[in-house]
Amino acid sequence: MRRAGRRAVALVVSLALVVPAAGCWRDRWPLPGPRPWPSGVAPSWQWQLSGELDADVDAEVFVLDPFTTTIEETGRLRGRDRRLICYVRAGSYERSRPDAARFPERLLGGAVAADGRRWLDVRQWEVLRPILADRFRLCRGKGFDSVLVADVDGYARSPGFPLGFDDQLLFNRRLAELARSLDLSPGLGNDLPQVAALAPDFDFALNEECVRLRQCERLLPFADAGKPVFHVEYEGTTETFCATSLGYGFSSIRKERALGAWRAPCPA
């Protein structure tokens, strides 16, 4: 078999591992369209991306990794009427992901962080769309009804490409549209400079450290529209930041940066 043929077979096998076969998850539970978020209410929440999942955390909303979270785990949470948000790094490349081979080298830019992530050239929508669509389908197939898109502010970093404000805005709006086309409620991760423009396109927001950075007022377009804002701080104590974040109407927690099971929520 020629090398190109072997690569094609490997890709088919990897996708079979990533995306559930049609119908296999529908037999477990019905998946209607995404539930509307309650207006003006910021539900309690948990964000866990590492370690063994603690499904007993007292939270209404769980933000989880679609690759490492199993169907059995999401099934248990759904059985307890928990709302599940799928965390997808839509604007960056991670070499450890099962679909990493699908990203052409020409799309990979500068480093996002020391963990090996690299910015993506988000102007190449026709190349990225099918990859991201499969990730969103994975979310849906595992029982998530919402998706949070992260690393969607590369234009303001050092992406290695001449990305402009409008390039990022178009990409982020396309992500929201793609999510809705697959019956997922879209959420915006960070990207504070574009919040005012993107709030109409997204159903909720997740922010890291707006109190420490003194930028919480930028999230008011979501809060004023009655859309949930999930907020996390990594430093200080709940006593030091909760008064500020709760004053804005956010649902706030203290987490360690590894995003394991531990959390300290602000008092209700």
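Going by the structure above, here's the rest.
Here's what I pulled together on the structure shown here.

## Some words on the sheet that holds strand β4 (residues 92-93)
Part 1 of the reasoning: Sheet architecture is open: three strands sit in the order β4-β6-β5, paired in antiparallel fashion. Taken across any chain shown, the strands that pair with only one partner, and hence form the sheet edges, are β4 and β5 (108-111).
Part 2 of the reasoning: The sheet contact formed by β4 and strand β6 (residues 118-120) spans two bridges and is antiparallel. Paired with serine 92 across the two strands is tryptophan 119, which belongs to β6.

## Focus on empty space enclosed by the protein
Part 1 of the reasoning: This structure, assessed with the given rule, holds one cavity of 30 Å³ or more.
Part 2 of the reasoning: By volume, the largest cavity amounts to about 40 Å³.
Part 3 of the reasoning: Among the elements that make up the lining of the largest cavity, the one with the highest residue count is strand β3 (residues 83-89) (three residues).

## Remarks on the state of the cysteines
Linking two cysteines covalently via their sulfur atoms produces the bond known as a disulfide.
Part 1 of the reasoning: Counted under the stated rule, the structure contains three disulfides.
Part 2 of the reasoning: Between the sulfur atoms of cysteine 86 and its disulfide mate cysteine 139 the distance is 2.0 Å. Disulfide cysteine 86 to cysteine 139: torsion about the S-S bond roughly -65°, handedness left-handed. With cysteine 86 in strand β3 and cysteine 139 in helix α3 (residues 125-141), the pair connects residues that are 53 residues apart, well separated along the chain.
Part 3 of the reasoning: The class of cysteine 139 is buried, set by a relative accessible area of 0%.
Part 4 of the reasoning: Between cysteine 242 and cysteine 266 runs a disulfide, and the two sulfur atoms are separated by 1.9 Å. Handedness of the cysteine 242-cysteine 266 disulfide follows from its S-S torsion of about -90°: it is left-handed. Linking cysteine 242 in helix α7 (residues 238-247) with cysteine 266 in the segment after β12 (264-265), this pair joins segments that are 24 residues apart in sequence.
Part 5 of the reasoning: In this structure cysteine 242 comes out as buried when scored by relative accessible area, which is 4%.

## Details of the pattern of salt bridges
Part 1 of the reasoning: One pass over the full model with this rule turns up 21 salt bridges.
Part 2 of the reasoning: In this structure, aspartate 134 engages arginine 102 in a salt bridge whose closest nitrogen and oxygen atoms are separated by 2.8 Å. Of this pair, aspartate 134 sits in helix α3 while arginine 102 sits in the loop between β4 and β5, placing them 32 residues apart in sequence. The same class applies to aspartate 134 and to arginine 102, which are both buried.
Part 3 of the reasoning: Between glutamate 105 and arginine 118 there is a salt bridge whose closest N-O contact spans 3.5 Å. On the criterion of sequence distance, the pair formed by glutamate 105 in the loop between β4 and β5 and arginine 118 in strand β6 is long-range, its members being 13 residues apart.
Part 4 of the reasoning: Taking relative accessible area as the criterion, glutamate 105 reaches 54% and is therefore assigned exposed.
Part 5 of the reasoning: Ionic contacts of the salt-bridge type, sharing partners, join the residues Asp65, Arg89, Glu94, Arg97, Asp115, Arg117 and Asp151 into one network.

Criteria and cut-off values
- Once a new chain begins, its residue numbering starts again from 1 and follows that chain's sequence as written.
- Restriction of local features to residues with pLDDT of at least 70 applies here, the model being predicted, together with a cutoff of 80 or more for giving and counting side-chain atom pairs; totals for whole chains, interfaces and linings are based on all residues.
- Hydrogens and waters are ignored; side-chain quantities use all the structure's heavy atoms.
- Being paired, for any two strands, means DSSP has found at least two bridges between them.
- The secondary structure listing takes helices from DSSP runs of H or I that are at least 4 residues long and strands from runs of E that are at least 2 residues long, numbered from the N terminus.
- The pocket and cavity definitions rest on a 1 Å grid over protein atoms only: a 1.4 Å probe that fits but cannot leave marks a cavity, an open set with protein on both sides within 12 Å along at least five of seven lines marks a pocket, and residues lining either have an atom within 4 Å of a point.
- Grid points are joined across faces, edges and corners, and a volume is the space filled by probe spheres set on the points.
- Disulfide assignment relies on a single distance test, namely cysteine sulfur atoms paired within 2.5 Å.
- When accessible area is computed with a 1.4 Å probe and restricted to protein chains, residues below 20% of their type maximum are described as buried, those above 50% as exposed, and intermediate ones as partly exposed.
- Between Lys or Arg on one side and Asp or Glu on the other, a salt bridge is scored when a side-chain nitrogen of the former is within 4 Å of a carboxyl oxygen of the latter.

Note that every value here comes from positions in space, so none of it alone points to a role or purpose.
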